[in-house]
Amino acid sequence: MIQVFAFYLFATLCILSGAVTILARNPVHSVLWLILAFFNAAGLMVLVGAEFIAMLLVIVYVGAVAVLFLFVVMMLDIDFAELRAGFVKNFPLGIALAVVLFVELFVGLVVHGAGGIALGTPDGSAAPLANVSNIEAIGALLYSRYLFLFEAAGIVLLVAMIGAIVLTHRQRGGTRGQNVSKQNARRPQDATINMQPESGKGVVL
Amino acid sequence: MTDFFMGLGLSYDWAWGLSTIAGILLIALPLMLGVAMIIYADRKIWAAMALRRGPNVVGPLGLLQSFADGLKVFLQETIIPTAANKGLFLIAPIITFTVALMAWAVIPFNSGAVLADVNVGLLYVLAISSLGVYGVVIAGWSSNSKYPFFSAMRASAQMISYEVSIGFILICVVLWSGSFNLNDIVKAQQSHVWIINGFVANPLLFPMWVMFLISGMAETARAPFDLTEAESELVAGYQTEYSSMAFALYWLGEYANVLLMCALNAVLFWGGYLPPLDWAPLYLIPGFVWLLLKILFFFFIFSWVKATVPRYRYDQLMRLGWKIFLPVSLLFVVLVSGYLMATGHFA
């Protein structure tokens, strides 16, 4: 009973907040609705017993990705007239994309209704793991069966990260950075001299 | 507790619902009282270190000061700036406060005495603590004012930076205890080194605890990392435009977060509800007393640091997070997992 109630609550809120994400005029509101959609998706995953994926969804998407989205969007100078002009210009493209997505979804549903693809493996079974928690099961699969795919995904992310740093890193001349070890190595006698000149003599610097 | 309600003749669904609500109240109400008292303690410690008296007028020894403050802000008018985004402006403090309370669901107060005994307890804590930034960011943006906005940008960068190293530190703890469940993590610390309960006695994990303590201060934006509300630069940061109860919710949420960090220090590294030594007479004292004592000890450290350490500059904060904590914590993940593999811990 409570499960059914929770499912419909999460599902309805997920779809609604997804729709409002697109419909909201203000980009900041859009991001916040998107976060609500993520959250409800995480709730749905908890309901089907995938609590590890749910937590990862919240940590990665809500805790990191959406914060960066918000960070960028907050600094936008929003001009609604310009937004609407763009809307008219990009309308055909948007419609085309929507049609493609809808057809794909429809095909997927039809295939699912026809029984779907059997996820068999060349060497036989997918090695079902009984009596272990989700985390252990995912770990066991990731680091044995899917080790190379997992490593490849890691390399792709590494390349993307290095690429982003290379593209945005600029060496600016004329700035003076702080060298902490140099600062710590500096002693008072390196910087100051105590002098007691006689009157009328002065100091040679 | 479900059994108790079922004993009263209720069906399982109702008993479960009632016991959950009772559990929430049992945690949230003492927590609120504790937050009020800890604000008083913070001010007293801070004052003592500055050779002042601190609050000493309201009630005996000034004990009722926090309640007087609470009544004061409750009676004040809520002012919403005309240029503010009203809905978000009011939601932001509620988010901060709610999130500060939510994470307490998985903290074990005694063996098995935990509201939600979930497998992914530690990940839940990470997920919830990463939500804390939204209260600050939304407040900064919706206030439509310069200083809160600066504060929001600082907060989002700061919290993301320190979450990374906190994640790696927690991985070391998880590797050693073999579980994400906080109750199991506490149990794994029983007589960890000789008769000492707690990972902190372990030479490989002690540096991790020191880093966790410092990262915790940065994550909760406590001094010396309170750049989000640096009064010398940003007035009051994201709280600048807030008044009345909305302001009070930030205060309560902030201190509930600090208490949570202290509780996490105790649970992850200092043996949680276990006594410091694995010695039978010490177990006569109930577990939640030990946990409370540890939380208070860590809160004293937090206050001590606040009273004595000058505020970091922003570039220093980023340097500490990315150039020192991140590589060192990564190194320790390798060291800890290597040591555990070599000694056959996972066999």
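What this report covers is the structure whose coordinates are included nearby. (Residues numbered from 1 in each chain as written. Chains lettered and ligands numbered in written order. Predicted model: local features only at pLDDT ≥ 70, side-chain atom pairs only at ≥ 80, totals over all residues. Heavy atoms only, no water.)

**Considerations on the overall build of chain B**
Put simply, the rule is: In this description a helix means any DSSP run of H or I spanning at least four residues, a strand means any run of E spanning at least two, and both kinds are numbered starting from the N terminus. Restricting the calculation to C-alpha atoms gives the radius of gyration, and the globule rule supplies 2.2 Å times the number of residues raised to the power 0.38. Any residue under 20% of the maximum accessible area for its type is buried, any over 50% is exposed, and the rest in between are partly exposed; the area is computed with a 1.4 Å probe on protein chains only. By definition in these notes, contact holds between two residues if any of their heavy atoms fall within 4.5 Å. For the accessible areas, the method is Shrake-Rupley and the probe is 1.4 Å, while residue cover comes only from the protein chains on display. The charge count includes Lys and Arg as positive and Asp and Glu as negative, but it does not include His or the ends of the chains. For charged residues, the charge sits on one atom: NZ in Lys, CZ in Arg, CG in Asp, CD in Glu.
Along the backbone of chain B there are 12 helices and 0 strands. Each helix and strand of chain B, placed in order from N terminus to C terminus, yields the pattern α-α-α-α-α-α-α-α-α-α-α-α. Whereas a compact globule of 347 residues would reach a radius of gyration of roughly 20 Å, chain B reaches 21 Å, a difference of no more than 12%. C-alpha atoms of chain B, sized along the principal axes, occupy 65 × 60 × 40 Å. Each of the 347 residues in chain B was classed as buried or not, and the buried ones make up 50%. Contacts in chain B between residues at least 24 apart in sequence constitute 74% of all its contacts with a sequence separation of at least 6. Element-wise, carbon and sulfur atoms account for 72% of the exposed surface of chain B, whose accessible area totals about 15,600 Å². Positive and negative side-chain charges of chain B, numbering 16 and 17 respectively, have mean locations separated by a distance of 11 Å.

**Comments concerning the interface of chain B and chain A**
Selection criterion: A simple way to read buried area is as the amount of 1.4 Å-probe accessible surface that goes missing from two parts once joined, with both sides added. Contacts described as polar in this section are N or O atom pairs within 3.5 Å, which, within protein, must combine one atom able to donate a hydrogen with one able to accept it, while residues neighboring in sequence count only if both atoms come from side chains. Residue polarity is assigned by list, with Asp, Glu, Lys and Arg as charged and Ala, Val, Leu, Ile, Met, Phe, Trp, Tyr, Cys and Pro as nonpolar; anything else, Gly included, falls into the polar class.
Each side of the interface is counted separately: chain B has 26 residues, and chain A has 25 residues. Surface buried jointly by chain B and chain A totals about 2,200 Å² across both partners, of which 79% is contributed by carbon and sulfur atoms. Viewed at the interface, chain A and chain B are joined by 3 residue pairs in polar contact (both at pLDDT 80 or more). Of all the elements in the fold, those that place two or more residues in the side of chain B that touches chain A are α5 (121–142), α6 (146–177) and α12 (314–342) of chain B. Top element by residues in the side of chain B that touches chain A is α5 of chain B. It accounts for 11 residues. Of the residues in the side of chain B that touches chain A, the class split is 17 nonpolar, 5 polar and 4 charged.

**Regarding the packing of helix α8 (residues 206–219) of chain B against helix α11 (residues 287–308) of chain B**
Residue and element names in this part refer to chain B. The condition is simple: Comment: axis = line fitted to C-alpha atoms, over the contacting stretch for helices; angle = value between 0 and 180 degrees taken between N-to-C directions. Less than a right angle of anticlockwise turn of the near helix away from the far helix marks a crossing as left-handed, whereas a clockwise turn marks it as right-handed.
Two elements in contact, α8 and α11, have axes whose closest approach is 11 Å; the angle formed by their N-to-C orientations is 60 degrees. Note that α8 runs across α11; the crossing there is right-handed. Together, W209, L213, G216 and M217 of α8 and F298, I301, F302 and V305 of α11 make up the contact between the two elements. Class assignment for the residues of the contact of α8 with α11 results in 7 nonpolar, 1 polar and no charged.

**Notes on empty space enclosed by the protein**
Residue and element names in this part refer to chain B. Filter applied, for reference: Any residue with an atom within 4 Å of a point lines the site, the site being either a cavity, points on a 1 Å grid over the protein atoms alone where a 1.4 Å probe fits but cannot get out, or a pocket, an open set with protein on both sides within 12 Å along at least 5 of 7 lines. Grid points are joined across faces, edges and corners, and a volume is the space filled by probe spheres set on the points.
According to the stated counting rule, one finds 2 cavities of 30 Å³ or more in the structure shown. Of the pockets and cavities examined, the largest cavity occupies roughly 270 Å³. If you trace the largest cavity, you find 21 residues lining it, with G132, M159, E219, T220 and N257 closest to the centre. Counting residues per element, the ones that place at least two in the lining of the largest cavity are α4 (86–102), α5, α6 and α10 (244–269). No other element matches the 5 residues that α5 contributes to the lining of the largest cavity. Counted as a void, the second largest cavity has a volume near 60 Å³. Every residue along the wall of the second largest cavity is listed here: L122, V125, L126, S129, I166, L170, F212, M261, L264 and L268. Of all the secondary-structure elements, those providing two or more residues to the lining of the second largest cavity are α5, α6 and α10. By residue number, the principal contributor to the lining of the second largest cavity is α5, which donates 4 residues. Here the lining of the second largest cavity is composed, by residue class, of 9 nonpolar, 1 polar and no charged.

**Side note on a nonpolar patch on the surface**
For clarity, the threshold we go by: Nonpolar side chains (Val, Leu, Ile, Met, Phe, Trp, Tyr) within 5 Å and like charges within 9 Å form the patches, drawn only from residues with over 30% relative accessible area and no salt bridge. By salt bridge we mean one thing: a side-chain nitrogen of Lys or Arg within 4 Å of a carboxyl oxygen of Asp or Glu.
A contiguous nonpolar patch, built from F87, V88, F91, I95, V99, F102, V103, F106, V107, V110 and V111 of chain A and spanning about 1,100 Å² of accessible area, is present on the exposed surface. With respect to the element layout, V110 of chain A can be found in helix α4 (residues 80–113).

**Details of the side chain of E51 of chain A**
Inspection of the secondary structure assignment puts E51 of chain A in helix α3 (residues 51–74). Despite being buried, E51 of chain A has no salt bridge partner; K187 of chain B is the closest side chain of opposite charge, sitting 17 Å away. Residues contacting E51 of chain A, with those up to four places away along its chain left out, are M45 and N134 of chain A together with N119 and V120 of chain B.

**Let's talk about the environment of N119 of chain B**
By the secondary structure assignment, N119 of chain B is in the loop between α4 and α5. Spatially, the C-alpha atom of N119 of chain B lies 29 Å from that of L284 of chain B, the residues being 165 residues apart in sequence. Dropping the residues within four chain positions of it, N119 of chain B is found in contact with E51 and S133 of chain A together with F180 and N181 of chain B.

This is a description of form; function is not addressed.
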